[in-house]
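Fold and geometry: a report
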Amino acid sequence: MTRSGVIGWALAGPALGVIAVFFAVPVAMGLALSLTDFDLYALADLSTLRFVGIDNYLRLLRTPLFWQALGNTFYFVLVGVPVSIGLSLGAALLLNARVARWQAFFRTALFAPVVTTVVAVAVIWRYLLHTRYGLINQGLAGLGIDPIDWLGDPHWSMPSIILFAAWKNFGYNMVILLAALQAVPRELYESARVDGAGPMRQFTDLTFPLLTPTLVMVGIMTLAGYFQLFAEPYVMTQGGPLRSTLSVLYFMYEEGFRWWNLGYASAVAFMLFLIIFAVTAGLLRFDRDPAAS
Amino acid sequence: MGATRRQALQTLAAGAAIASLAGCGRRDDPKGPLNFWAMGREAEVVAELLPAFRARHPGVDVHVQQLPWTAAHEKLLTAYAGGSLPDLCQLGNTWLPELVALDALEPLDGRIAESKIPRDDYFGGILDTNVMPVVGGTRVFGLPWYVDTRLLFYRSDLLRAAGHSKPPESWSEWTAAMRAVCERGGARHYGVLLPLNEPDPLFALALQQGPLLADDDTRGAFAQPAFRRALGFYAGLFAQDLAPAMTAAQISNVWDEFARGLFAFYVSGPWNIGEFRRRLPRERQSDWATAPLPGPNGPGLSTAGGSSLVIFRSSRRKAAAWHLIAYLSEPATMERFHALTGNLPPRRSAWSAPALATDAPSQAFARQLERVQAAPKIPEWERIFQEMQLAAERVVHRAQSIEVATTQLDASVDALLEKRRWLRARALASAAPR
């Protein structure tokens, strides 16, 4: 090895060591665990531990509840990510508008939900969404709409969770998008106006293309985060009603820490990892292609 | 989301660290303080019972640690895995099978006999939840500390107005009473509140019909006629609009709604005696009562819940731990405990105290406690219990028929119990003569 190679390894060594101890080894152990039926009985007596190969994965694929959890998670991601980013983008555009006043105040106010505690705001949202006394249903009643059982009706529970999650998270992306918007040189808008582009045209042909890299980054982060949906249903609905808000991560938590089927829960974790990996990889490719052409 | 998960992991890690520190102290010092884990309100109150114990056993210093109920189960299993269990613990009696399967609990038969604690003073069904099968017989692994069962809380005024002066004793009387109340009350009035997220009421009704598991508790028996009858009655209450298809979360305040007369019956447990007294308006205080749970043909069985006191095998101060359990199990201590918490005592002799003997709502519990039955004693039960309620929820929401739901339930229960069948086959094979 060359001298610089040795120095390189020496410099990277500590970081690699940390990654190995805190990432590679646990992941390898998790993978090994997912190939066994480690459960309560194995915890008591290791001789009852059975190597089951990929049986956990096959069983998972045959478990209707897993598919339901996966369906719920995709529902949450496919609706929640666009809604959340749409809200962030809308709020960022409003804050960035020239006519906007008290920008600093609104920026802070809109960012506030991000720094609140999920558990605390969930209590408030449960009141807002209450069927009989909730503010939302009272507002709807004013419009002549019958009360909706937001958290108790299996059809409305996931939209309620999406609404809650989008409200809780949009401020974070808003700040990133706002920074990207403020980085767009004002001269470009001036020349666009000279060329006769209206506000709509300015947005589609100028703002949006310049914002695309940031949007993709924000999209991937939000996607990866939203796939790991857990806290919102945990505090709002406990996965109900009729398991309509059970996410894959919630399913894993129940299997692992409630029922102590650690082997099976590890298989769920790996499945979720593969899904997130595949989806984000796809999204990155989608981002690169137009740039390459 | 990501952040919350990280926080959860940090909490777990911190918990493990604390647990291991506690473990170090314990192992080094067999004469150190007695570690007692208790949960929720009981942990707050037990300190008030300790001065009398200290006076009697000056050498034993008791250290009570409070666990929140929601985290207790995880914490116990983590402590087991980490070898840092306390000396003794308050344990929900449906958790005993799990810890017995882990071989974490100390059998108490010898000590009970030595201390001359009369076993038959305990309500039979309640004590039985602590009796577990072991190789070559059964052993007692815990002593009941307080009891829990489900029965009827009802609006006696609404019932009287609807022409029923006595609480119902059978399913048919109960249905008739609910119909009468609903007809009188009109729309938006229901007979009974059975929160859809609570499995206990359905479980009590099912106990009245027959066993829920078959083949030495290694297969489900939910598709058998017994359970189908119970589920048919339960789901029928919703189908006939006698019960609202709601979860507890949807009714933000059960007591307000009960006072308003949204429902006339509520199937609930002993803690609600205190809650009803505290939370119902004064003018409603004479309008409610309790009654044992109706059965198919007369007074029926209900669930045998509550908490027990157990000693862990790993403890090095078992004698001292037993002194504390024996003290907490004395009728006089139980009476004080009831005065402090409202928890009902498991020993009949403790029920002669005036606070219980003359208290009408409690007396219905005393009658019910003579008719309670333990849940199947397997670690998987808690999960089967939840699956049962999910199946019932599907039937109530008319997503599935009773036939389909119970057949599916049996299939998933059989899958859950696969390891038990394997373990049993293995045990049989090793016991068979070669």
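Fair warning: this is a prediction, and the values are worked out from it, not measured in the lab.

Digging into the overall build of chain A
Looking only at helices and strands, chain A has 13 helices and 0 strands in total. Counted from the first residue to the last, chain A has its helices and strands arranged as α-α-α-α-α-α-α-α-α-α-α-α-α. For 293 residues, the compact-globule formula gives about 19 Å, and the C-alpha radius of gyration of chain A, at 24 Å, lies well above that figure. Seen along its three principal axes, the alpha-carbon backbone of chain A occupies a region of about 75 × 70 × 35 Å. Relative to its 293 residues, chain A shows a buried fraction of 34%. Restricting the contact set of chain A to residue pairs at least 6 apart, pairs at least 24 apart contribute 67%.

Digging into the sheet that holds strand β6 (residues 143-148) of chain B
Strand pairing within a sheet occurs via backbone hydrogen bonds; the two strands may be parallel or antiparallel. Residues and elements named next belong to chain B. Strand order in the open sheet made by the 5 strands is β2-β1-β3-β16-β6, with mixed pairing throughout. Strand pairing shows two members of the sheet lacking a second neighbour, β2 (62-67) and β6, which therefore form its edges. Each neighbouring strand pair of the sheet contributes to a mean axis angle of 20 degrees, computed without reference to strand direction. The pairing of β6 with strand β16 (residues 305-311) spans 5 bridges and is antiparallel. Its bridge partner being in β16, L143 is matched across the sheet by L309.

Describing the interface of chain A and chain B
Listed by partner, the interface residues are 26 residues for chain A and 25 residues for chain B. Breaking the side of chain A that touches chain B down by element, the ones donating at least two residues are α2 (40-44) and α10 (199-227) of chain A. At 4 residues, the largest contribution of residues to the side of chain A that touches chain B is made by α2 of chain A. Its residues assigned to classes, the side of chain A that touches chain B comprises 15 nonpolar, 7 polar and 4 charged.

Overview of the sheet that holds strand β8 (residues 190-193) of chain B
Residues and elements named next belong to chain B. Across the sheet, 4 strands lie side by side as β8-β11-β7-β12; this open sheet has mixed pairing. The outermost strands of the open sheet, each flanked by one partner alone, are β8 and β12 (288-291). Within the sheet, the average angular offset between the axes of one strand and its neighbour, ignoring direction, is 20 degrees. Examined bridge by bridge, β8 and strand β11 (residues 263-268) share 3 bridges and lie parallel to one another. Across the sheet, the residue bridging to L193 is Y266, located in β11.

Section: the packing of helix α2 (residues 40-56) of chain B against helix α14 (residues 331-341) of chain B
Residue and element names in this part refer to chain B. The N-to-C vectors of α2 and α14 enclose an angle of 130 degrees; their axes lie 10 Å apart at closest approach. Judged on the interaxial angle alone, α14 and α2 are oblique. The two elements α2 and α14 meet at a crossing, and its hand is right-handed. Contacts from R41, E42, V45, E48 and L49 in α2 reach T333, R336, F337, L340 and T341 in α14.

A word on α14 of chain B
Counting along an α-helix, one turn takes 3.6 residues, and residues three or four places apart therefore face a common direction. Residues and elements named next belong to chain B. Within α14, the full set of buried residues consists of M334, E335, F337 and H338. The arc that holds the buried residues of α14, viewed along the axis, is 160 degrees, so those residues lie on one side. Where α14 is buried, its residues meet α2 and α15 (354-357). Looking one or two residues beyond α14, the residue adopting positive phi is G342, at roughly 85 degrees.

Points about unusual backbone geometry
Residues and elements named next belong to chain B. Its identity as a non-glycine residue notwithstanding, D241 has a phi of 65 degrees, on the positive side. According to the C-beta neighbour criterion, D241 is partly exposed, with 14 such atoms within 10 Å. We note that R398 has phi near 60 degrees; this positive angle belongs to a residue other than glycine. Relative to the helices and strands, R398 resides in the loop between α17 (381-396) and α18 (402-416). Residue class for R398 comes out exposed when judged on the 11 C-beta atoms lying within 10 Å of it.

What about the pairing of strand β4 (residues 131-134) of chain B?
Strand direction decides the pairing type here: β4 of chain B and strand β5 (residues 137-140) of chain B, joined by 4 bridges, are antiparallel. Note on β5 of chain B: the bridge partner recorded for V134 of chain B is G137 of chain B.

Looking at the domain arrangement of chain B
All names here are of chain B. Entries for chain B in the domain assignment read domain 1 (24-148 + 304-358) and domain 2 (151-301 + 378-421). Averaged C-alpha coordinates put domain 1 and domain 2 at centres separated by 30 Å. Per-element accounting of the side of domain 1 that touches domain 2 gives the leading share, 3 residues, to helix α4 (residues 96-101). For the side of domain 1 that touches domain 2, a count of residues per class yields 3 nonpolar, 3 polar and 2 charged.

Some remarks on the pairing of strand β3 (residues 88-92) of chain B
Residue and element names in this part refer to chain B. Where burial is concerned, most of β3 is hidden: 4 out of the 5 residues are buried. Note: strand β1 (residues 34-39) against β3, 2 bridges, orientation parallel. Directly across from F36, in β3, lies its bridge partner L88. Alignment of β3 against β16, held across 5 bridges, turns out to be antiparallel. Bridge pairing in β16 links L88 to I311.

The rules behind each value
- Per chain, residue numbering runs from 1 following the sequence as it is written.
- Just so you know, chain letters begin at A and ligand numbers begin at 1, following the order they were written in.
- At least 70 in pLDDT is required for a residue's local features to be given in this predicted model, at least 80 for side-chain atom pairs to be given and counted, and no such filter applies to totals for whole chains, interfaces and linings, which use all residues.
- Helix and strand definitions here come from DSSP, where helices need a minimum of 4 consecutive H or I residues and strands a minimum of 2 consecutive E residues; each element is numbered from the N-terminal end.
- Based on C-alpha atoms, the radius of gyration is set beside the globule rule, defined as 2.2 Å times the residue count to the power 0.38.
- Exposure is read from a count of other C-beta atoms within 10 Å of each residue's own; the residue is exposed at 12 or fewer, buried at 20 or more and partly exposed in between. C-beta atoms are placed from the backbone.
- The contact criterion used here is simple: two residues whose C-beta atoms, placed from the backbone, lie within 7 Å are in contact.
- At least two DSSP bridges between two strands are required for those strands to pair.
- Axis definition: a line fitted to C-alpha atoms, over the contacting stretch in the case of helices. Angles run 0 to 180 degrees between N-to-C directions.
- Ten residue types, Ala, Val, Leu, Ile, Met, Phe, Trp, Tyr, Cys and Pro, are classed as nonpolar, four, Asp, Glu, Lys and Arg, as charged, and the remainder, Gly among them, as polar.
- Convention used here: angles under 35 degrees read as roughly parallel, angles over 145 as roughly antiparallel, angles from 65 to 115 as roughly perpendicular, and any remaining angle as oblique.
- Crossing handedness follows the turn of the near helix against the far one: under a right angle anticlockwise gives a left-handed crossing, and clockwise gives a right-handed one.
- Note that the arc is computed from the directions linking the helix axis to the C-beta atoms.
- As used throughout, domain bounds are those supplied by an automatic or database domain assignment.

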